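Close look at the chain arrangement
Residue strings, one per chain:
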Amino acid sequence: MSRIPIVTIPNRILRTRVEPLPVGELKKPQVQRFIDDMVETMFAADGIGLAATQVGETKRIIVVTTRDGAMVYVNPQITKRSFLKETMEEGCLSIPGVFGLVRRNKRITLSALDRNGNALTVNAEGLFARIIQHEVDHVDGVLFTEKVTRYTKGERPRIE
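Given the structure is predicted, the values throughout are model-derived calculations rather than measurements.

**Considerations on the pattern of salt bridges**
- Under the definition given, this model contains 11 salt bridges.
- The residue Glu-146 makes a salt bridge to Arg-15 at a minimum N-O spacing of 2.2 Å. Of this pair, Glu-146 sits in the loop between α3 (126–139) and β8 (148–153) while Arg-15 is found in the segment before α1 (23–26), placing the two residues 131 residues apart along the sequence.
- What makes Glu-146 partly exposed here is its relative accessible area of 45%.
- Here Arg-104 and Glu-90 are joined by a salt bridge, their closest N and O atoms 2.6 Å apart.

Following this line, the structure appears as structure tokens:
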């Protein structure tokens, strides 16, 4: 495994909406190595989530930290969102030094594939739901700064 450089703004890939990854592609050894490298990169950067676009790849893959280690979600789609929302501070490895308050759904349901191509449905709430929403935004080409209600630390970034 090896660490991958994290892409930062204003790199255009961060604004790219990524298409689903074919299951046949997912089973290739280089894609499996890439997933391992994403996990290592996220932990090395002290991140709690990472999307493939953040390391320069147009693959619809996200990794998320949980109590049980890293979870890998391929072709993630949020299929249900709670009416209730909460506001918390967020930051992003691709926008270093910038933090702001973001309002997100408290609970979500995620449909995705695991790294082996098996379908899964994940019900998430609280911080876990927030991380998933943030990372799904990344593979949809959306940055958290588009949802900030108030910046808390750092300065508003210049995004081209």
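Moving on from the model shown.
**Describing the side chain of Thr-109**
- Among the secondary structure elements, Thr-109 is positioned in strand β6 (residues 107–113).
- Within the structure, Thr-109 has its side chain in polar contact with the side chain of Asn-123 (distance 2.9 Å).
- Not counting residues up to four positions away in its chain, the partners in contact with Thr-109 are Gln-77, Ile-78, Thr-79, Lys-80, Thr-121, Val-122 and Asn-123.

**Description of the sheet that holds strand β5 (residues 99–105)**
- Read across the sheet, 3 strands follow the order β4-β5-β8 without closing on themselves; strand pairing throughout is antiparallel. Edge strands, defined here as strands with exactly one partner in the open sheet, are β4 (85–90) and β8. Across this sheet, the average inter-strand angle for adjacent strands is 30 degrees, counted without regard to direction.
- With 6 bridges joining them, β4 and β5 adopt antiparallel strand pairing. Residue pairing in the sheet places Thr-87 in a bridge with Arg-103 of β5.

**Comments concerning the sheet that holds strand β2 (residues 61–66)**
- Strand order in this open sheet of 5 strands is β1-β2-β3-β6-β7, and the pairing throughout is antiparallel. The open sheet is flanked by β1 (49–51) and β7 (119–125), the only strands paired with a single partner. The sheet shows a mean angle of 40 degrees between the axes of neighbouring strands, direction not considered.
- Of the strand pairs in this sheet, β2 and strand β3 (residues 69–81) are connected by 6 bridges, and their pairing is antiparallel. For Ile-62, the partnering residue across the bridge sits in β3 and is Tyr-73.
- α3 contacts β1, β2, β3, β6 and β7 of the sheet and is inclined by roughly 160 degrees relative to β2.

**Overview of the side chain of Asp-137**
- Note on placement: Asp-137 falls in helix α3.
- According to the relative accessible area criterion, Asp-137 is buried, its value standing at 8%.
- Not counting the four nearest positions on each side in its chain, Asp-137 is found in contact with Arg-104, Val-142 and Lys-147.

About the criteria used
Residues numbered from 1 in each chain as written. Predicted model: local features only at pLDDT ≥ 70, side-chain atom pairs only at ≥ 80, totals over all residues. Heavy atoms only, no water. Salt bridge = Lys/Arg side-chain N within 4 Å of Asp/Glu carboxyl O. Helix = DSSP H or I, 4+ residues; strand = E, 2+ residues; numbered from the N terminus. Buried < 20%, exposed > 50% of the residue type's maximum accessible area, 1.4 Å probe, protein only. Polar contact = N/O pair within 3.5 Å; in protein donor to acceptor, adjacent residues only side chain to side chain. Contact = heavy atoms within 4.5 Å. Pairing = 2+ DSSP bridges. Axes fitted to C-alpha atoms, helices over the stretch in contact; angles between N-to-C directions.

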